[in-house]
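Survey of secondary and tertiary structure
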Amino acid sequence: MRRAGKKTISSAAADLILEDVGKRFGDKSVLDGVSFAVPRGEVLALLGPSGSGKTTLLRIVAGFETADRGSIRVGAEAIERLPPARRDFGMVFQHYALFPHLTVGENVAFGLEARSIPKGEIAERVATALARVDLAGFERRRISEISGGQQQRVALARALAPEPRVLLLDEPLSNLDPTLRERTRRELATTLRRIGITTLLVTHEQEEAFDLGDRVALLHGGRLEQIGLPQELYREPATRFVAGFIGRSSFVPVNVELANDSGATVTGLALAPGAAFSLPQSGLLVEGTADLWLRPEMLELCAAGDPARLFTGNSVSVRFNGAMSYLTVQLPESREIEVMIAGDPPVLGEPVELKLRADARPRLFAAAASATEPGAGA
Amino acid sequence: MTAAARRGWIAAGLFLFLFWLVAYPLLITMLSAFRGENGGGLGAPIAAFVQRPDEWTALFRSLWISLASVALAAAVGVPLGFLFARAEFPGRRVLGELLALPVALPPLVGVIAFLYLYGESGMATRVVGNLLRTSSAPWRLTGAGAILLVHTYSMYVYFYLFTRAALARFDGAQLEAAASLGAGRWRTLTRVVLPGLTPALAAAAILTFLTALGSFSAPYIFGGSFRVMTTQILASRQNGDVDVAQVETLFLIVLAIAGLLVARGLERRSRWRVAATQRGTPPERRAVRSPAARFALTLAGWLFALLLLLPHLTLILISFVPPATWTTELFPPVLSLVNYRALGKTAEALRPVMNSLWMAIAATLGALVLGFVAARRAVDRRPGGAIWARSISLLVAIPWAVPATAYAVALATTMSVHAPLAGRFLLVGTVGILPLAYLVRALPATGQAAIAALGQLDPQLEEASAALGAGKLRTLRRVTLPRLRPALAAGASLAFLAAFGDFVVSIVLYTYETRPVSIEILSNLRLQETGVAAVYGVLLTALSAAAFLLWGREKEVR
């Protein structure tokens, strides 16, 4: 598809739709029926731990790998059989993959030349693309002469210059040192929003996904665990994995006394003796043992003997984090739970009692098979 | 057909073609060495070979000459490598470059330069004889000593370059670590530095051994009755003992491969293979402080450089000596351009130069294309391609390990029969045989360079090109080839040097119409036309040096 003349940039963007994409390497299933749609102009962040299949998925969308099954469409056009060169996508590689033998300008012009755009127009569009990433006038520089952050921006300018239908970003910030990463991330977010291009971004960093993605898709073991707004994933994790991977979490074992369509009553096990409370969570719960999921900000310290207290334990360590601190409380049977506190932490080693905040929305998940929590406290 | 299946078929086709080109002639030769096609029956040629003591003598001489060449080349090259990698003194840069010069000199030209310098009526021989006031020559440049002299002169370069390169990569922190652990200089050298150099020294030793084993020009010119395997093979062929020549070829190949395997085995058994991947900053060069030592070192360096350049200078001088003007005088009494003018007078005189040029260029281009195509398959790790990768890279390397004489005989054997169904074509005696032989000989230079460069090429660069909408051709032209350019240029310049200056393969396979410069030099020598031979030698050297300087040292853009 060739777009003629000057149109507004967002008009180049198109919907990206994946349906039931599956891939195996030998015996190992890397992707297992992944489906989602990225509406035109949206930035979707593909988040997941290493080995979750997110990079493979991106490479399949780019055309460097072929899926064993499933379809990929751009708008109405099926593209899974198109070679990468004819997909009209832009891609920023993890290590940028800038051509070291070409200048900055020649790198950015590369995709335009491949599309047989007239020479005069190329120079103009290269200048525009470089200006957009704050590198106006850098055309003649060599790649080895510019900094890592500038290389990252050249890579972005190169990918965007041909005005692709879809932009693919493979861990675009992982190669930068931490101080530069924060700033570059803000710049990238601004650029993406301004251009309004359909974007698929792969990252293993939650902060990056939340900051850059309009929506976030969490991938685990080749499956899509949840897709939604960042706050949805944070507040209403669909699976135990999502709950553990996103943000800071504690899981404590509880008894589900009564479960029906309107909710459940939880007692016992790690809870303080006699403590019980009701959860409005519906569906999928059976009576018996389950894991109660809590974020540190769902709990608060309470006075001894408070009738609403849920946990009693000993404070064992505290992590100061600016405006608030995270206090680790040891429950009976050496289980631990984390609570966020705003004021000064209590003396360590002393017994403390915890209750749920009024606005807390904890959830129940089926009891974990093993004691290790995926990504807990990450 | 799936992409993997298509890749598999393409790789299989390439494998077959390379096998036909590289391995098949050797196989045919070995088979006919067993069969005794020219009478005698099965096993007869081998039996004849085994029973002849002079064959065993030649085989043994080949072996010990090669081993002695390794020892001598190491004795000269390794200390020089240390000196130029570690010490700083006036003229180090220029001298360091000059030291690599003998490697760019075509073997036959080097040999005749030695002949003009140290031969019976050579320059140095006359000067020394005059000083000693003896009427007979003070030495005779014949036999094993002469061969070893030439070998040391041209092969120390391998040890020198490899030692220097390995020391330049050597992590200086290791020396500091050794010193902090209380190791003195000697202990550091023997326990840290030399072990770290083992891979480089082993590689230089293999290269020297194979080069010496395949060396032909020096034994041919200086050997006389002192025959080694390569000259023995040619003598047998010229006597019409085709079967015996094939058996000799077989034994020479076996010797080469045995040497290669022994060296590889030793290297593998050593514990120091990791050193090749070392990273770090090399230690500072140590400036030679004492003025006397600096002076001595510099003087020694320049004297050594003069010694290295003396053969070239002599060659140039002789090229200006008109025929039959220099008899008993110490220095040539007449110098003129007459030899050079003779070259320009007739088209026939320039013909060998033109022949060598076009054949070397054709062979280099062919080897370049084939080497690149083979390298692409040799680094292919994708399904379908991966199973062929190893065998293809092995085929590309084979001509490197097989002595040139053996190859020439194998091609002469295989391509002197017209049997298209058996993959044999009548090429001997045609224009095509020499370029083809040069191409096969050049394949390792271009192929290995391309394999190494492709192995280091970031695969994401090609993906980035595709992601930007570039098709396969554009990616090849704009990304892959520019990235490979320095390696390919270096490989091509080596290939061209070898083909352009070739004597070994040519003497077995040339026809009058395609006679190359080296053959013309030889026939002029036989006619006592030393001046004309020198002119050809100068031309060969000058064009070789030009090619080397032009393409051999391109730097990568980072």
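Residues numbered from 1 in each chain as written. Chains lettered and ligands numbered in written order. Predicted model: local features only at pLDDT ≥ 70, side-chain atom pairs only at ≥ 80, totals over all residues.

**A short note on the overall build of chain A**
- Of regular secondary structure, chain A possesses eight helices and 20 strands.
- Each of the three principal axes of chain A carries a C-alpha extent, and together these read 80 × 45 × 35 Å.
- Counting only residues that meet the buried cut, chain A has 40% of its 378 residues in that class.
- Of the contacts formed within chain A by residues at least 6 apart in sequence, a portion of 66% connects residues at least 24 apart. (Helix = DSSP H or I, 4+ residues; strand = E, 2+ residues; numbered from the N terminus. Buried ≥ 20, exposed ≤ 12 C-beta atoms within 10 Å, placed from the backbone. Contact = placed C-beta atoms within 7 Å.)

**A closer look at the overall build of chain B**
- Helix and strand content of chain B: 23 helices and two strands.
- Seen through its principal axes, chain B has C-alpha atoms that stretch 80 × 70 × 50 Å.
- Among the 558 residues that make up chain B, the fraction classed as buried is 45%.
- Taking the contacts inside chain B whose residues are at least 6 apart along the sequence as the reference set, 78% of them involve residues at least 24 apart.

**Some details on the interface of chain A and chain B**
- The partner chain B presents 17 residues to the 20 residues of chain A that form the contact.
- Elements supplying a minimum of two residues to the side of chain A that touches chain B: strand 6 (89–92) and helix 2 (104–114) of chain A.
- Among the elements that take part in the side of chain A that touches chain B, helix 2 of chain A stands out by supplying three residues, more than any other.
- Residues that form the side of chain A that touches chain B fall into these classes: 13 nonpolar, four polar and three charged. (Nonpolar A, V, L, I, M, F, W, Y, C, P; charged D, E, K, R; others polar.)

**Section: the sheet that holds strand 9 (residues 215–220) of chain A**
All names here are of chain A.
- Strand order in the open sheet formed by six strands is 6-7-8-3-9-10, with mixed pairing between adjacent strands. Edge positions in the sheet fall to strand 6 and strand 10 (223–228), since each of these pairs with one other strand and no more. The sheet shows a mean angle of 15° between the axes of neighbouring strands, taken without regard to direction.
- When strand 9 meets strand 10, the two strands line up antiparallel, connected through five bridges. Bridging across to strand 10, histidine 220 finds its partner in arginine 223.
- Lying over the sheet, helix 4 (residues 148–160) contacts strand 6 and strand 7 (166–170), oriented at roughly 170° with respect to strand 6. (Pairing = 2+ DSSP bridges. Axes fitted to C-alpha atoms, helices over the stretch in contact; angles between N-to-C directions.)

**Structural notes on the pairing of strand 8 (residues 198–203) of chain A**
- Most of strand 8 of chain A sits inside the fold, with six of its six residues counted as buried.
- Side chains A:Thr198, A:Leu200 and A:Val202 project from strand 8 of chain A onto one buried face, and the interleaved A:Thr199, A:Leu201 and A:Thr203 project onto a second face that is buried too.

**Concerning the sheet that holds strand 4 (residues 69–74) of chain A**
- Taken in spatial order, the four strands of this open sheet run 2-1-4-5 (chain A), and their pairing is antiparallel. Edge positions in the open sheet fall to strand 2 (28–38) and strand 5 (77–78) of chain A, since each of these has one partner strand only.

**Considerations on unusual backbone geometry**
Residues and elements named next belong to chain A.
- Despite not being glycine, tyrosine 96 has its phi angle at roughly 75°, a positive value.
- Relative to the helices and strands, tyrosine 96 resides in the loop between strand 6 and helix 2.
- In this structure tyrosine 96 comes out as buried when scored by C-beta crowding, with 25 C-beta atoms within 10 Å.

**A word on the pairing of strand 19 (residues 351–356) of chain A**
Residue and element names in this part refer to chain A.
- Sheet analysis places strand 15 (residues 299–302) next to strand 19, joined by four bridges and oriented antiparallel. Bridge pairing in strand 19 links glutamate 300 to lysine 355.
- The pairing of strand 16 (residues 309–321) with strand 19 spans five bridges and is classified as antiparallel. Opposite glycine 313, over in strand 19, you have valine 352 as the bridge partner.

**A word on the packing of helix 3 (residues 53–86) of chain B against helix 9 (residues 185–214) of chain B**
Residue and element names in this part refer to chain B.
- At a minimum axis distance of 8 Å, the contact between helix 3 and helix 9 shows a crossing angle of 140°. Looking at the two axes, helix 3 sits oblique to helix 9. Crossing hand, helix 3 versus helix 9: right-handed. Contacts from Ser62, Ile65, Ser66, Ser69, Val70 and Ala73 in helix 3 reach Ala205, Thr208, Phe209, Ala212 and Leu213 in helix 9.
- Classifying every residue of the contact of helix 3 with helix 9 by side-chain character gives seven nonpolar, four polar and no charged. (Parallel < 35°, antiparallel > 145°, perpendicular 65-115°, else oblique. Left-handed = near helix turned anticlockwise from the far one by under 90°.)

**Brief notes about the confidence of the model for chain A**
Residues and elements named next belong to chain A.
- With 92% of its residues at a pLDDT of 70 or more, chain A shows a mean pLDDT of 85.
- For the stretch residues 1–9, pLDDT sits under 50, and the model shows eight contacts to residues farther than four places along the chain or on other chains.
- Segment residues 370–378: pLDDT under 50, and eleven contacts once partners within four positions in sequence are set aside and those in other chains are kept. (pLDDT = per-residue confidence, 0-100.)

**Topic: the nonpolar core**
Residue and element names in this part refer to chain B.
- With 151 residues, the main nonpolar core has Tyr407, Ala408, Ala437, Tyr438, Ala442, Ala499 and Leu509 as its most contacted residues.
- Of all the elements, helix 18 (residues 433–456) adds the most residues to this core, at 14 residues.
- Those residues in contact with alanine 442 that sit more than four places away from it in its chain are Ala363, Thr364, Ala367, Ala495, Ala498 and Ala499. (Core = buried A, V, L, I, M, F, W, Y, C linked by C-beta atoms within 7 Å.)

**Comments concerning the environment of B:Gly366**
All names here are of chain B.
- Mapped onto the elements of the fold, glycine 366 is located in helix 15 (residues 347–378).
- A tally of 19 C-beta atoms within 10 Å means that glycine 366 is categorised as partly exposed.
- Along the sequence, glycine 366 and leucine 350 sit 16 residues apart, while their C-alpha atoms lie 24 Å from each other.

**A word on helix 5 (residues 107–118) of chain B**
Residues and elements named next belong to chain B.
- Counted at 1.5 Å a residue, the expected span for helix 5 with its twelve residues is 16 Å, and the 16 Å between its end C-alpha atoms agrees.
- Burial within helix 5 is extensive, with twelve of its twelve residues counted as buried.
- In this structure, the buried residues of helix 5 make contact with helix 6 (123–132), helix 7 (143–169), helix 10 (217–222), helix 13 (291–319), helix 22 (517–526) and helix 23 (530–551). (Expected span 1.5 Å × (residues − 1).)

**Topic: the confidence of the model for chain B**
All names here are of chain B.
- Counting all residues, the mean pLDDT for chain B is 85, and 95% of those residues have values of 70 or more.
- Here helix 8 (residues 172–180) is the element of chain B with the lowest mean pLDDT, 73, and helix 15 is the one with the highest, 92.
- Taken together, the chains of this predicted complex give a pTM of 0.79 and an interface ipTM of 0.76.

**Side note on helix 7 of chain B**
- Here helix 7 of chain B is 27 residues long and its end C-alpha atoms lie 40 Å apart, about the 39 Å a rise of 1.5 Å per residue gives.
- The sharpest bend along helix 7 of chain B reaches about 35° and sits at B:Tyr153. (Bend = angle between axes of the 7 residues up to and from the residue.)

**Some words on the packing of helix 17 (residues 404–414) of chain B against helix 18 of chain B**
Residue and element names in this part refer to chain B.
- Look at helix 17 against helix 18: their axes get within 11 Å of each other, and the N-to-C directions meet at 135°. Classified by the angle their axes make, helix 17 and helix 18 are oblique. The chirality of how helix 17 crosses helix 18 is right-handed. In this structure, helix 17 contributes Ala404, Tyr407, Ala408 and Leu411 to the contact, and helix 18 contributes Ile433, Ala437, Val440 and Arg441.
- Residues that form the contact of helix 17 with helix 18 fall into these classes: seven nonpolar, no polar and one charged.

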